[in-house]
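# Examining the three-dimensional arrangement
Residues per chain, in single letters:
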Amino acid sequence: MRGTRTRMMFSRMGFSILLLLSYISLSLAIPSYVSLAGLSERQQDEAVAELSGVAVFPPKPPGPLEYNGTKLVHDKAHPWKPLRKGDIRGPCPGLNTLASHGYLPRDGVATPSQIVNAVQEGFNMDHLVAVFATYGAMLVDGNLVTDLLSIGGKTRKTGPDPPKPAIVGGLNTHAVFEGDASMTRADDFFGDNHSFNQTLWDQFVDFSNRYGGGSYNLTVAAELRWQRIQQAIATNPQFSLVSPRYFTAFVESVFPLNFFVDGRDTTTPAQGRKLGLDAALLFFRDHKFPADFHRASIPSGTQGINVVIATHPIAPGGNADGKVNNYVVDPTSADFGKFCQLYQDFVTKTVVPLYPNPKGILRRNLIVNLHYFYEIIDGNGCEEVFPYGRS
């Protein structure tokens, strides 16, 4: 029964991204560019005191939609608008689109509650997926004191930073939430992990023509996912495909079929649902809904992921010793049979190194957000982790 619940969990969400979907790339160690030295106790006390004036108690995550069927979302209340000076966009075309249409603040800085509401309202994302991915992103890339997250790069708009080694770098931060082998964004190793990449888009089009008859479908998703992994192995000496990026790499392959296809098309990915290239380009490059776009007809998330995983199986791992074409399996990484390890490793090996000794309001908000993150998976056989105590 426990194994069945775990498989059901993955069929609904995988991991996102997240964001999402897109997103976390956990190296099972703190990223190399983060100093573990941190601050002295006095400096931490001073930093926390400064933050107390802008602190927000994290509200509970929003609930599911009251009406979760399809409806027009490219409507008069949510027109597309071009970027203004200072507006932020990042590696996730879905969040970028929601910001450019006003479902999220158009400047690209939002609270977790705003993100959960927006991905449900704009795309009809499954509530479980929405909360899990959003709070995962918030815990590593957001400002836990001010309750604000950048959907792109680091910005002062999220407020004063908590003490180091916290990053608060937004979703662009590599090896924390964003990861390698994206379909339309280059690996961080090559210098820009968040901008639309025309060369990768051309490959997206080529594979859609070769395997999908001119559209993106589940067959294209599987073949393109495998191609991007092989390209990263061959060109990126720092390529990493371990938990949780191991999960999100496959999740992001099916997100376009679940969220970017007009909701009046009620076929499933397995039944042949397809995404036209013109519509895909609007999302990936222009952050824009197609004209008259309707959101998915049912709450959606990772439908079709099992096909992508099974077409070209690969174990978690990465290029070792800073060498290309040197992919080595990592037996310590969680995989699709170890969901609870994914959760536990994320908390203890990603969040805790960023916040090794939090105090006061920061500690309180970490405890609250970690519990929100866990609540959505409660009942799936995973034991809650309390690295900072219960209250």
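What counts, and where the lines are drawn
Residues numbered from 1 in each chain as written. Predicted model: local features only at pLDDT ≥ 70, side-chain atom pairs only at ≥ 80, totals over all residues. Heavy atoms only, no water. Salt bridge = Lys/Arg side-chain N within 4 Å of Asp/Glu carboxyl O. Helix = DSSP H or I, 4+ residues; strand = E, 2+ residues; numbered from the N terminus. Buried < 20%, exposed > 50% of the residue type's maximum accessible area, 1.4 Å probe, protein only. Expected span 1.5 Å × (residues − 1). Arc of directions from axis to C-beta. Contact = heavy atoms within 4.5 Å. Polar contact = N/O pair within 3.5 Å; in protein donor to acceptor, adjacent residues only side chain to side chain. Disulfide = S-S within 2.5 Å.

## Notes on the pattern of salt bridges
By the definition in use, this model includes 14 salt bridges. Note that K60 and E375 form a salt bridge whose closest N and O atoms lie 3.4 Å from each other. Linking K60 in the loop between helix 3 (41–51) and helix 4 (93–100) with E375 in helix 13 (residues 360–375), this pair joins segments that are 315 residues apart in sequence. Overall, the relative accessible area of 53% leaves K60 in the exposed class. Each of K71, E121 and R295 takes part in one network of salt bridges that share partners.

## Some remarks on helix 7 (residues 198–212)
End to end, helix 7 covers 20 Å across 15 residues, agreeing with the expected 21 Å (1.5 Å per residue, within 8%). All buried positions along helix 7 are accounted for by L200, W201, Q203, F204, F207, S208 and G212. The buried residues of helix 7 all sit within an arc of 155° when viewed along its axis, so they share a single face. Opposite its buried face, helix 7 presents the exposed residues T199 and R210, each directed more than 90 degrees away. Buried positions along helix 7 lie against strand 3 (215–216), helix 8 (218–235) and helix 10 (277–286). A distance of 3.1 Å separates the backbone nitrogen of T199 from a side-chain oxygen at the start of helix 7, and that oxygen is part of N197.

## Here's the deal with the state of the cysteines
Enumeration according to the criterion identifies one disulfide in this entry. One disulfide in the model links C340 with C382; its S-S distance is 2.1 Å. An S-S torsion of about -90° defines the bridge between C340 and C382 as left-handed. Separated by 42 residues along the polypeptide, C340 in helix 12 (residues 339–354) and C382 in the segment after helix 13 bring together distant segments of the chain. Grouping residues by exposure puts C340 and C382 together as buried.

In short, the description is geometric, and any link to function would need to be established separately.
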